[in-house]
Each structure stands twice: as C-alpha cells, then as structure tokens.
Amino acid sequence: MNLTLRIWRQSGPADKGRMVTYQVEDVSPDMSFLEMLDVLNERLILAGEEPVAFDHDCREGICGMCGLMINGNAHGPQRGTTACQLHMRQFKDGDTIDIEPWRARAFPVIKDLVVNRNAFDKIIAAGGYITAPTGSAPEAHSVPVAKANADAAFESAACIGCGACVAACPNGSGMLFTAAKVTQLGLLPQGQPERYTRVIGMLDAHDEAGFGGCTNAGECTAVCPKGIPLTTIGRLNRDYLAATTTKRPDTP
C-alpha cells in the first residue's frame, strides 16, 4: 500500500508543534502500525532527517506504552486493540492517516507523539498498595474470595495504564483508570484495610494532576483496549460516597 501520513511534530514542550505530511510506499498489510512507523523512521534517518518520536515497548498489547491518536481515534479504528497490535490491513491503499499524541492537560507533550504520563504514577502512589505482613507467601487459597469479586477484580486489573480513556474523554478525565486501580484492590480481602483511604487519596491525586471531571460520556470504555466497563466508575463512586459520608477508623 501507498499511504499519506500527517504526523504531529513537536520538538519539545515549548514548541508550538505542527502537522507534517509524509509519503510511505510499499507498506505490507501484515505490518503492525508501529512497524509502519519504524519503516518511515528508517527512511527519515537515511535522508538525514529527524525521526518521529513515539512511545513503544513490548509491542504485545500489554504494556500500555503505544499511545497514539489515529484518525481521531485512540489506538485507531479497531476496538479492543492497542496501536502496536493494530495492523495495516485496517487501512486501504491511498489512505491519508492523521497521527497525533494524546490530547489532555494532564498529559503534556514531551516530543512529537510522546506525552508525559507521570500523572498516572502519582495516582498509583496515592493508594495502589495493600497492608501485608512480611515473611513467606501465604498458603494458596488460604484467603477465600467470592468468585464474582475475583472476576471483577481481575477485569479491573487488566488495565494497562495506556491513557486512551483520558485521550478520548471530552473532559480529559482519568476516572476509568483511577476506578480500575481502586476496584482491583477494593474488591479483595487484602485490599480492605486501605479501602476508603485509597479511594480518597487516589481521587485527590487525580484532581491535583489536572484531569477533568467524569460526566459519564462513556467514550473511555469505547476505546479501552482491555474493555474495562463503565460500571467500574460506579464502584469507585460508591466507595467514595461511603468514605466521605460515614466516619470510619481508616479515614481522616
């Protein structure tokens, strides 16, 4: 395939940035989207030009690094797929593809398509842990967990922190990410000691990082590559309500 790429180029946070057009030829439909960008960068380097900076790591859809807006869609047109697992067969010969970084106040652009997602780390640091005794590992199955809770916790734990939910949200909210991290621990017995301080701390960190408020638009779940449902935010809201309206020994 021969494609026209319109890519956001920005040399640094202080640069205004602009869309730059590139032509790529002989793109195999079996290439992943990132492999196609690799081919473009090889040609740019050979021509003595600056390659396009973009985040990537495992390229297996599990690390969450490959955050790209592709034709206005977080991770591209295929639902439930990260950009690294998106294949060029999803496009047609002669297509024009717009490629941009995540657009959110909490995710400032570092360079080109790379954004700073340290705000997610601050949310995790505010409550993504449990109280656990030191020593050897507990005996398997020594702590019973209801299957419904285990399934919901596992569903939330599938979040890879890619930030697609933030990029797609009209408010730039990180509520789906925050809810997933609160839920995966709050549904398990091991997560109960910090259950209510966790939700308060994480939401405070969410707001301090500059994320917008959630208005239940649902765009976050539509682009989440792991299919985390909107009901996860409902669980967070219930825990937050309980933590702020009832005096508990583990809350301020």
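Conventions adopted
- Residues numbered from 1 in each chain as written.
- Predicted model: local features only at pLDDT ≥ 70, side-chain atom pairs only at ≥ 80, totals over all residues.
- Heavy atoms only, no water.
- Pairing = 2+ DSSP bridges.
- Helix = DSSP H or I, 4+ residues; strand = E, 2+ residues; numbered from the N terminus.
- Axes fitted to C-alpha atoms, helices over the stretch in contact; angles between N-to-C directions.
- Parallel < 35°, antiparallel > 145°, perpendicular 65-115°, else oblique.
- Left-handed = near helix turned anticlockwise from the far one by under 90°.
- Contact = heavy atoms within 4.5 Å.
- Nonpolar A, V, L, I, M, F, W, Y, C, P; charged D, E, K, R; others polar.
- Buried < 20%, exposed > 50% of the residue type's maximum accessible area, 1.4 Å probe, protein only.
- Salt bridge = Lys/Arg side-chain N within 4 Å of Asp/Glu carboxyl O.
- Expected span 1.5 Å × (residues − 1).
- Core = buried A, V, L, I, M, F, W, Y, C linked by side-chain atoms within 4.5 Å.
- Polar contact = N/O pair within 3.5 Å; in protein donor to acceptor, adjacent residues only side chain to side chain.

Enquirer: Help me out: how do you make sense of the sheet that holds strand E1 (residues 3–9) in this one?
Expert: Within a sheet, adjacent strands bond to each other through the backbone by hydrogen bonds, running parallel or antiparallel. Here we have 5 strands laid out as an open sheet, ordered E2-E1-E5-E3-E4, and mixed in their pairing. Strands with a single pairing partner mark the edges of an open sheet, and in this sheet they are strand E2 (18–24) and strand E4 (73–74). Summarising the sheet, E1 and strand E5 (residues 96–100) pair through 4 bridges and their orientation is parallel. Pairing of Thr4 across the sheet is with Thr96, part of E5.

Enquirer: So what exactly am I meant to see when it comes to the packing of helix H2 (residues 118–125) against helix H6 (residues 195–208) here?
Expert: In a pair of packed helices, the angle between the axes and the distance between the axes together describe the arrangement. Here H2 crosses H6 at 160°, and the two axes come no closer than 8 Å. Relative to H6, H2 is oriented roughly antiparallel. Considering the relative orientation of H2 and H6, their crossing is right-handed. For the pair formed by H2 and H6, the contact residues are Lys122, Ile123 and Ile124 on the first element and Met202, Ala205 and His206 on the second. Taken together, the residues of the contact of H2 with H6 break down into 4 nonpolar, 1 polar and 1 charged.

Enquirer: Would you mind going over the pairing of E1 with me for this structure?
Expert: Residues in a regular strand point their side chains to alternate faces of the sheet. For E1, the tally of buried residues reaches 6 of 7 residues, placing the bulk of the element in the interior. Here E1 pairs with E2 via 7 bridges, running antiparallel. Following the sheet pairing, Thr4 is matched in E2 by Gln23.

Enquirer: Is there a simple way to explain the pattern of salt bridges in this structure?
Expert: Oppositely charged side chains are able to pair whenever their charged atoms sit close together. Counted by the stated rule, this structure contains 11 salt bridges. As a salt-bridge pair, Arg117 and Asp55 come within 3.2 Å of each other at their nearest N and O atoms. Here Asp55 lies in the loop between helix H1 (33–46) and strand E3 (69–70) and Arg117 lies in the loop between strand E7 (114–115) and H2, a separation of 62 residues in the sequence. Taken individually, Arg117 and Asp55 each receive the classification buried, so the pair is uniform in this respect. Of the charged contacts, one joins Arg195 and Asp239 as a salt bridge, the two residues approaching to 2.9 Å between their closest N and O atoms. In this pair, Arg195 sits in helix H6 while Asp239 sits in helix H8 (residues 231–245), placing the two residues 44 residues apart along the sequence.

Enquirer: Looking at this model, I keep getting lost on H6. Mind explaining?
Expert: Helical periodicity: at 3.6 residues per turn, an α-helix aligns residues three or four positions apart in one direction. The end-to-end C-alpha distance of H6, which contains 14 residues, comes to 20 Å, matching closely the 20 Å that a straight helix rising 1.5 Å per residue would cover. Among the residues making up H6, those that are buried are Tyr196, Arg198, Val199, Ile200, Gly201, Met202, Leu203, Ala205 and His206. Each element contacted by the buried residues of H6 is listed here: H2, helix H5 (175–186) and H8. Trailing H6 by a residue or two, Gly210 shows a phi angle of about 100°, which is positive.

Enquirer: Which parts of the structure should I look at to understand the nonpolar core?
Expert: One broad trend across soluble globular proteins is that nonpolar side chains are buried collectively. In this structure, Trp102, Phe107 and Phe211 are the most contacted members of the largest nonpolar core, which totals 39 residues. Within the residue set of this core, elements represented by two or more residues are H2, helix H4 (164–168), H5, H6, helix H7 (219–223) and H8. Excluding residues that lie within four positions of it along the chain, Phe211 makes contacts with Ala106, Phe107, Ala119, Phe120, Ile123, Val166, Gly172, Ser173, Gly174 and His206. Membership of the second largest hydrophobic core comes to 29 residues, among which are Trp8, Val20, Leu86 and Phe91.

Enquirer: Help me understand unusual backbone geometry in this model?
Expert: Negative phi values dominate among residues other than glycine, just as trans dominates among peptide bonds. Positive phi, normally seen in glycine, also occurs at Asp26, with a value near 55°. Of note, Asp26 is situated in the loop between E2 and H1.

Enquirer: I would appreciate a short explanation of the environment of Arg117 in the present structure.
Expert: Under the relative-accessibility criterion, Arg117 is labelled buried at 12%. Expressed as a C-alpha distance, the spacing of Arg117 and Gly161, which sit 44 residues apart in the sequence, is 9.0 Å. When sequence neighbours within four positions are dropped, the list of residues in contact with Arg117 reads Asp55, Gly64, Met65, Gly67, Trp102, Phe107, Gly161 and Cys162. Side chain to side chain, Arg117 and Asp55 meet in a polar contact 3.2 Å long. Within the local environment of Arg117, its side chain forms a polar contact with the backbone oxygen of Cys162, the two atoms lying 2.6 Å apart.

Enquirer: Any chance you could explain the packing of helix H3 (residues 147–157) against H5 here in plain terms?
Expert: Relative to each other, H3 and H5 sit at 145°, their axes nearing to 8 Å. In terms of crossing hand, the pair formed by H3 and H5 is left-handed. Side by side, H3 and H5 meet where Ala153, Ser156 and Ala157 of the first sit next to Ala180, Thr183 and Gln184 of the second. When the residues that make up the contact of H3 with H5 are grouped by side-chain class, the tally is 3 nonpolar, 3 polar and no charged.

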